[in-house]
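# Notes for the structure review
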Amino acid sequence: MRKILFGVVGGILLHTSLSAQTGHPIRCGVPQMHQNIIVKHPEYAEKLRAQRASLQGVADFYRQYKANAGSERTTAVSAIPVIFHIILDSAQFVNMGGTTGIAKRCDSQIAVLNHDFNRENADSFKIPSGWKSLYGNSGIRFGLARKDASGNCSPGYEVKIIAGNTLTDAGYDGGDEFTSAKVTGSGLAPWDNSKYYNVWCVNFTGSSSDLLGITVCKSDVVAGWNSSYEVGVVMLYTLLGSTGPTNIPPAGTGSWYNPFNLGRTLTHETGHFFEIWHPSGDDGGACPWSSGFDDGLSDTPPQADYTYGNPTYTIAGGTIHDGCEFNAASEKQPVGIACLSYMDYTDDNAMHLFTTMEAEVMAGMTLVPTGSGGITSGTGSIGENYSLTQNPSLLVACPLGVSSTIETRSGLSIYPNPTTGEITITVEGAGEQLNDIAIVNILGQTVKTVSCGKEYYSIDLSGMSKGIYFVKCNFASGSVTRKILLQ
Ligand SMILES: [Zn+2]
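Residues numbered from 1 in each chain as written. Predicted model: local features only at pLDDT ≥ 70, side-chain atom pairs only at ≥ 80, totals over all residues. Heavy atoms only, no water.

### Some points on the packing of aromatic side chains
Counted by the stated rule, this structure contains 14 aromatic pairs. Consider the rings of Phe142 and Phe274, whose centres lie 6.3 Å apart with planes at 35°: the pair is tilted. Of this pair, Phe142 sits in strand β2 (residues 142-144) while Phe274 is found in the loop between α6 (264-273) and α7 (356-366), placing the two residues 132 residues apart along the sequence. On the accessibility criterion, Phe274 (0% relative accessible area) is buried. Ring centres 5.9 Å apart and planes at 85° place the aromatic pair Tyr308 and Tyr345 in the edge-to-face group. With Tyr308 in the loop between α6 and α7 and Tyr345 in the loop between α6 and α7, this residue pair connects regions lying 37 residues apart in the sequence. By relative accessible area, which is 5% here, Tyr345 ends up buried. Chaining the aromatic ring pairs together yields one cluster made of Phe117, Phe142, Tyr197, Phe273, Phe274, Tyr342 and Phe354. (Phe/Tyr/Trp six-rings, centres within 6.5 Å; stacked < 30°, edge-to-face > 60°. Helix = DSSP H or I, 4+ residues; strand = E, 2+ residues; numbered from the N terminus. Buried < 20%, exposed > 50% of the residue type's maximum accessible area, 1.4 Å probe, protein only.)

Set out below in structure tokens:
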């Protein structure tokens, strides 16, 4: 719904408490974060209104740009390198399946993003007929960051093991955006945000323990107000990725895991990162024509409030309506509310699309050169994320056997090498135990795994075919792979 009245002057954008409805977590901390900024800087409310009011122009521009792409597009775009910064205590790390489990989740999360942002989601058959024509395709793609800014190899994630819940932020309802996760020491510093999309996976605690994710996008950061904010997403670690029905929720996550286990927490938050908002306007249930707010887009109908759970409608055309359904004829919800958008608050399995204009805004912010179209007001500027799409070399993985940045361990030895049978692995000075060891053949097949739990270990390889193998040593915070020859 494009019609934005923004009738409240001077400040308070949000009308009601944002505390969780009974039985529901807070899917998204962005409205509360905005509210916190407004309390400190009332002018921010006007900035938010201007940002949303500018979005229709971005969508319209990108539609035209795409239509003229043959003549206007001058440079290619590649997938955006994503780096996952994972900050857990040792028990949480074990529950994630160690580095093997984390790698699996990162892979599946990238797949979810690529499906959801490119009309490739397998559950699109659930889109009601009235919404089929609004099934948007942003064209934005993602890949694991396989090189750091210095050219060192990376698996696309880095892990920091912390002692218990030592991220000490006041939390999203205390006025910050989880800074402690984003700085060296308590957390992990961002990689160059002009080249990488930074995602932090943490365990939200205390008054933030009901939160699933929170995002800072470029237009959220205002010099002099909150310039310490770092763009990117912080999300609940248990919701990283979607590895299918065999993906066992880590201990302690309760029932919240199950309706949010398809990787769409990051789909939703990434929508914010590309400057789009909740269709209901974060106004506590009001309609746009009665002092409510909106997402600034004309293909999401006016909507009163967030939608929770898994609303039912018939695929043949049934729709969901709410209190903003009827006003003037032009303000109806002809195809129902956009509760099936990734930007509403439903369960993961009830979300099926970005609308056409949601997708066009995100593409306009990302896939065209900065400054295109002359919309560079700083309220969400065309091409603001373009630099993220210009680094294809960062997506190229190192050959198997080459240590990654996070995998560097001085003092790790494997001997003898070459060997005729037994090898011994020792770690000196690293202060970490070997969790487990995998022996991988030159076809990439794991042929032997052992659990260790100490600083050294010996493995008998006699009986295995002679030849080259890779010994992958997994630690709490990464792994090292070395090549050996069995003679
Ligand atoms: Zn949100």
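From this point, the discussion proceeds with the structure in view.
### Notes on the coordination of the zinc ion
Protein-derived ligands of the zinc ion are Cys28 (SG), His268 (NE2), His272 (NE2) and His278 (NE2), with the metal-ligand distances lying across 2.0 to 2.2 Å. Coordination at the zinc ion is tetrahedral, judged from the four donor atoms that bind it and the angles of 98 to 121° they form at the metal. Sequence positions of the residues that donate to the zinc ion give the spacing C-x239-H-x3-H-x5-H. Residue Cys28 is found in the segment before α1 (30-40), and its partner His268 is found in helix α6; the two are separated by 240 residues along the sequence. (Donors = N, O, S within 2.8 Å, 3.2 Å for Na, K, Ca; no water. Tetrahedral: all angles 85-135°; square planar, octahedral: opposite > 155°, others 65-115°.)

### What about the confidence of the model for the chain?
Where the model shows low pLDDT, its predicted coordinates should not be examined in detail. Of the residues in the chain, 80% have a pLDDT of 70 or more, and the chain-wide mean is 81. When the elements of the chain are averaged for pLDDT, helix α3 (residues 69-72) gives the smallest value, 58, and α6 the largest, 98. Low pLDDT, under 50, characterises residues 2-22; the stretch is placed with 55 contacts to residues that sit more than four places away or in other chains. The low-confidence segment residues 401-410 (pLDDT under 50) makes 29 contacts with residues lying over four places distant or belonging to another chain. (pLDDT = per-residue confidence, 0-100. Contact = heavy atoms within 4.5 Å.)

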